[in-house]
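One letter stands for each residue in the lines below.
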Amino acid sequence: MRQSNFYRPTRQAQIGIIANFLNALQKVVRAFVPLLIVFFVNKRIELSTSIWAFVIIGAFLSLGIAYLSYRNFLFYIDEQTNSFIIQQGIINKSKVTIQLEKIQQVNLNQSFINKLINVYSVEIDSAGSKDKEATIPSMALADANVLKQILLDYKSENQSIHYTNLSESNISTEYHPIETKRISVSTLLKVGLTTNYLYTLGVILLFFNMLYDTLVNKFAIEQYVNTDEVTSYVERGVPTLIIIYLVVLLIVAILVVNVVRTFLKFWDFKAILSRETLLLSHGLLSTRNTIIRPERVQKIEVEQNYFQKLLDICSLKISQVAGEDTTNKKTGLQIPGCSAVEKEELFNILVGSAGGDYSTELKHNYRFLGFRIFLLIVLPASLFTCFFKTEFTITVYSYLIFTYCFVVGLVLYRLYRVGRLYVSDSFIVIRKGVWDVSHIYIQPHKIQKIVVSQLWWQQSADVGSLQIYTAGGIISFSTTRYSELVQLRDKWLYQVESTALNWM
Amino acid sequence: MFDNKQIDISTLPQVAQVDFKNLHPKYKTVIGIRLLIASIFILLLSSSPYIFQHITNSLPISDIWLVSICGVGVLLVILMCIISLKGVQMKGYALREHDIIYKTGIISRSQTVIPFNRVQHVVVYEGALLRVFGLCTVEFFTAGGALGDLKISGISKEEGERLKAYVIQKITKSVKPALIVEEKEYKESEIERINETE
């Protein structure tokens, strides 16, 4: 029973050495990948014995480091000071002490390497202002669960003692039943089929471009293909069948890549609600855990496109306080497939109901289009005319210009039509987007700074723009009625300054 | 006790009614000196291809292009000077009981407001040039990240320190709002003092 006695200095699971080793090896390999690629591309790689010796020495070195870091990693619960202590480091030793009553969450994570050797990393999240987390990289599942239970039990025992003085209602809220929500495979499939077309298209094109480049370099394509023949073939006009074939191929490729990407990222998505925090975990190859605390949520973005509307799913992006460096990486997080009802529930947990009376509704002024048309259509088109006119025949040229103007114009018009600013007493909502229409929700008391501005030629037309700075990012709404914005600004200032609610 | 009175939005205090206080007059001199240095650099840079051409006689570019580069440089300098010097006049700030307002702008006119109960800390800087003229820069930091702060440059040193002291006192007070009512009169006199100095 040595393992479950965490009151004495304890080491991690022995198999963790392998995890450490693999992690170190992975880092080394990653560091040398560019070098290796250069070698392979230049075809000058000669794996002489000296290089193999380096590789072997490197492997031994990482193994040694892995072993030493295992030996030097100790954790235990100090009963005298009621704290959890982690000691680590080979040369630079460090000791982290966390007060037991401040421990907020204990999470078990599994990265890909951890999954291979079936260990879990234990992350301990404390409630300090710095939100410093401690991590035990590898523990067997049974031990990890025991440790988690001990750490969390301490907290609840402590609280139950604490709460005996208080009213009954407090206790009942404290022992809130733990709810778990999952996103099913079919929902993920729907998400994969309906999102991120442009992004994936870009990735695929980039990939083919790279592939083509390497192939051309490697095989000297001119040897096999008569380029003149191909050019003349293309100039005679490509059969429509081939174009259709290519388009269909591209669409299928995009959908497949999208679905695979979504599955990799969001496989087994769980949202667990406990102790007034929301815990998200997802991922196929490596499981990622993120904690959301309602008071840290600053901004929620709900995104939905036309297809998703038909299927009744939307994605939520939640921005938490972008504070210390350690938490920065997890400030923006995403819940991919929610139905309208689930979205409602999440809102209730995080920020309260988003319904209510949106008494003020602002649209963009038509001047919204003016400057953007100049910047995105007139300017590029005239530059293009200046520099490249001579390189195309007049039909190709006008065709290009017309297509560009039409597409960009359509996008701008859609942006102009969709853009809205809704204001209720407890929410500021901005709607924007072209295909993916997103609603951004923030609460007035989370405003840090407000800027209203107008360009001098907009003054006579009563047009201006608004920017709101929060700890989770900036939101802006441009070219709308300035006098209304000023009034809203004064109202929000009143709300911020008179409220007792803190932004965090 | 909890009360929730109805509030008429039109009666809320409006930022537009505030009298803004201009930056210190000496700040214009500082801006002038900065502009001078920047202008010399830009003019040197823009005329160097022309001069280089005449010294070496080797660049195959026609004179019209080189002169037009010079012209662009001169135009840039003139525009920069006009906008910066006029811009100083347009800038101004005002303190209210619960927030600080800063307005800027000649092309884009903006009003920035930071409520005191969102300010995290205040810093007073003195650049070398500003110190010569007894001026300083006051920066108010919020939790809104790198862009969420407010920087007021070109106010006198004493006033900067006073501003900082006042806001910091406000921050510590907003933690315990019960004190606000008691010291309200003191605060009002403080605002008047800051707004009316100079």
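Counting restarts for each chain, with residues numbered from 1 along the sequence as it is written. To label them, take the chains in the order written and letter them from A, then take the ligands in the order written and number them from 1. Under the rules for a predicted model, residues below a pLDDT of 70 receive no local features and side-chain atom pairs below 80 are neither given nor counted, while totals for whole chains, interfaces and linings still include all residues. By convention in this description, side-chain values take in all heavy atoms of the structure and omit both hydrogens and water.

J.: What am I meant to see in the environment of glutamine 89 of chain B here?
T.: All names here are of chain B. Secondary structure counts use DSSP, requiring at least four H or I residues in a row for a helix and at least two E residues in a row for a strand, with both numbered from the N terminus. Residue position: glutamine 89 is located in helix H2 (residues 63–90). Accessibility here uses a 1.4 Å probe with only protein chains present; expressed as a share of the type maximum, an area under 20% marks a residue as buried, one over 50% as exposed, and anything in between as partly exposed. Accessibility expressed as a relative area gives 44% for glutamine 89, which makes it partly exposed. In the structure, glutamine 89 is positioned 64 residues away from proline 25 in sequence and 9.1 Å away in space, judged by C-alpha atoms. Any two residues having at least one pair of non-hydrogen atoms within 4.5 Å are treated as being in contact. Setting aside residues up to four positions removed in sequence, glutamine 89 forms contacts with Asn22 and Lys28.

J.: What's the story with the UniProt feature "domain: YdbS-like PH" (unreviewed entry) in chain B in this structure? I'm lost.
T.: UniProt positions are given in the numbering used here, feature names are shortened, and annotations may be inferred rather than shown by experiment. According to UniProt, the "domain: YdbS-like PH" (unreviewed entry) feature falls on residues 91–166 of chain B. Along residues 91–166 of chain B the backbone is 20% helical and 53% strand, and the end-to-end C-alpha distance reaches 21 Å.

J.: Explanation requested: the packing of aromatic side chains in the structure shown.
T.: To describe a pair of aromatic rings, you give the distance between the ring centres and the angle between the ring planes. Residue and element names in this part refer to chain A. Centres within 6.5 Å make a pair out of two Phe, Tyr or Trp rings, where for Trp the six-membered ring is used; the pair is then stacked when the planes are under 30 degrees apart, edge-to-face when over 60, and tilted otherwise. Applying the stated criterion to the full structure yields 17 aromatic pairs over all chains. When the ring of phenylalanine 402 is compared with that of phenylalanine 406, the centres are 6.1 Å apart and the planes differ by 15 degrees; the resulting orientation is stacked. Taken together, the residues span about one helical turn, with phenylalanine 402 and phenylalanine 406 both in helix H14 (residues 394–418) at a distance of four residues. Residue classification places phenylalanine 402 among the exposed residues on the basis of a relative accessible area of 58%. Under the relative-accessibility criterion, phenylalanine 406 is labelled partly exposed at 48%. Geometrically, the ring pair formed by tryptophan 456 and tryptophan 457 is edge-to-face, given 5.7 Å between the ring centres and 80 degrees between the ring planes. For tryptophan 457, a relative accessible area of 45% gives the class partly exposed. An aromatic cluster is present here, built from Phe73, Phe75 and Phe84 joined pairwise through their rings. Two conditions define a charge located above a ring, namely a distance within 6 Å from the ring centre to NZ of Lys or CZ of Arg, and an angle within 35 degrees of the ring normal. The ring of phenylalanine 368 carries the charged tip of arginine 372 above its face, separated from the ring centre by 3.9 Å. One cation-aromatic arrangement involves lysine 449 over tyrosine 469; the distance from NZ or CZ to the ring centre is 4.6 Å.

J.: Got a minute to help me understand the sheet that holds strand S7 (residues 179–182) of chain A in this structure?
T.: Strand pairing in a sheet takes place through backbone hydrogen bonds and is either antiparallel or parallel in direction. Residue and element names in this part refer to chain A. Criterion used throughout: strands pair if DSSP finds at least two bridges between them. Pairing is antiparallel across the open sheet formed by four strands, whose spatial order is S7-S8-S9-S10. Every interior strand has two partners, whereas the edge strands, S7 and strand S10 (288–292), have only one. Strand-to-strand twist of the sheet, defined as the mean angle between neighbouring strand axes without regard to direction, takes the value 15 degrees. The pairing of strand S8 (residues 270–274) with strand S9 (residues 277–282) spans five bridges and is classified as antiparallel. Directly across from serine 274, in S9, lies its bridge partner threonine 277. Every axis corresponds to a line fitted to the C-alpha atoms, with the helix fit spanning only the stretch in contact, and the corresponding angles, defined between N-to-C directions, vary from 0 to 180 degrees.

J.: Would you mind showing me how to read helix H1 (residues 26–56) of chain B here?
T.: An α-helical turn contains 3.6 residues, so any two residues separated by three or four positions project in the same direction. Residue and element names in this part refer to chain B. Helices are assigned an expected span. That span is 1.5 Å times one less than the residue count. End to end, H1 covers 45 Å across 31 residues, agreeing with the expected 45 Å (1.5 Å per residue, within 8%). Serine 48 marks where H1 bends most, by close to 40 degrees; the proline proline 49 follows one to four residues later. Of all the residues in H1, the buried ones are Tyr27, Val30, Ile31, Leu35, Ser39, Ser46, Ser47 and Gln53. Turning to H1, the residues buried within the fold contact H2, helix H3 (128–132), strand S6 (135–142) and strand S7 (150–156). Fitting one axis to the seven residues ending at a residue and another to the seven starting there, the bend at that residue is the angle between the two axes.

J.: In this structure, what is going on with the side chain of glutamine 458 of chain A? I would like to understand it.
T.: Residues and elements named next belong to chain A. The topology assignment puts glutamine 458 in the loop between strand S18 (447–455) and strand S19 (463–470). Residue classification places glutamine 458 among the buried residues on the basis of a relative accessible area of 9%. Not counting residues up to four positions away in its chain, the partners in contact with glutamine 458 are Val463, Gly464 and Thr479.

J.: In this structure, what is going on with the sheet that holds strand S20 (residues 473–481) of chain A? I would like to understand it.
T.: As summarised here, the arrangement of the seven strands in space is S20(A)-S19(A)-S18(A)-S4(B)-S3(B)-S2(B)-S1(B), forming an open sheet in which the pairing is antiparallel. With one partner strand each, in any of the chains shown, S20 of chain A together with strand S1 (21–22) of chain B form the two edges of the open sheet. The sheet contact formed by S18 of chain A and strand S4 (residues 108–115) of chain B spans six bridges and is antiparallel. What sits directly across from serine 453 of chain A, in S4 of chain B, is serine 110 of chain B. Along the sheet, helix H15 (residues 482–498) of chain A makes contact with S18, S19 and S20 of chain A together with strand S3 (99–104) and S4 of chain B, crossing S18 of chain A at roughly 165 degrees.

J.: Is there a simple way to explain the domain arrangement of chain B in this structure?
T.: Interfaces are often sized by the amount of accessible area the parts lose when they come together. Residue and element names in this part refer to chain B. Throughout, the edges of the domains are those of an automatic or database domain assignment. The domain boundaries assigned to chain B delineate domain 1 (26–88) and domain 2 (92–196). Taken together, the contact between domain 1 and domain 2 spans eight residues of the former and eight residues of the latter. Reported buried area values correspond to the accessible surface (1.4 Å probe) lost by two parts on association, with both partners' losses combined. For the pair domain 1 and domain 2, the two sides together bury roughly 820 Å², of which 82% comes from carbon and sulfur. Any Lys or Arg side-chain nitrogen found within 4 Å of a carboxyl oxygen on Asp or Glu counts as a salt bridge. Connecting domain 1 to domain 2 are zero salt bridges.

J.: In this structure, what is going on with the packing of helix H6 (residues 185–194) of chain A against helix H9 (residues 240–266) of chain A? I would like to understand it.
T.: Two numbers describe a pair of packed helices, the interaxial angle and the distance between the axes. Residues and elements named next belong to chain A. For the pair H6 and H9, interaxial distance at closest approach is 8 Å and the crossing angle is 135 degrees. Our classification of the angle between H6 and H9 gives oblique. The handedness of the crossing between H6 and H9 comes out as right-handed. Contact with H6, carried on its side by Val185, Leu188, Leu189, Val191, Gly192 and Leu193, involves Leu255, Asn258, Val259, Thr262, Phe263 and Phe266 of H9 and no other residues of that element. Looking at the contact of H6 with H9 residue by residue, the classes come out as nine nonpolar, three polar and no charged. Should an angle lie under 35 degrees it is considered roughly parallel, over 145 roughly antiparallel, and from 65 to 115 roughly perpendicular; all remaining angles are considered oblique. Rotating anticlockwise by less than a right angle from the far helix to the near helix defines a left-handed crossing, while the corresponding clockwise rotation defines a right-handed one. Classification convention: Asp, Glu, Lys, Arg as charged; Ala, Val, Leu, Ile, Met, Phe, Trp, Tyr, Cys, Pro as nonpolar; all other residues, Gly among them, as polar.

J.: Any chance you could explain the UniProt feature "transmembrane region" (unreviewed entry) in chain B here in plain terms?
T.: All names here are of chain B. Sites flagged by UniProt as "transmembrane region" (unreviewed entry) map to residues 31–52 and 64–85. Taken end to end, residues 31–52 is 100% helix and 0% strand, and its first and last C-alpha atoms sit 31 Å apart. Its end C-alpha atoms 31 Å apart, residues 64–85 is made of 100% helix and 0% strand.

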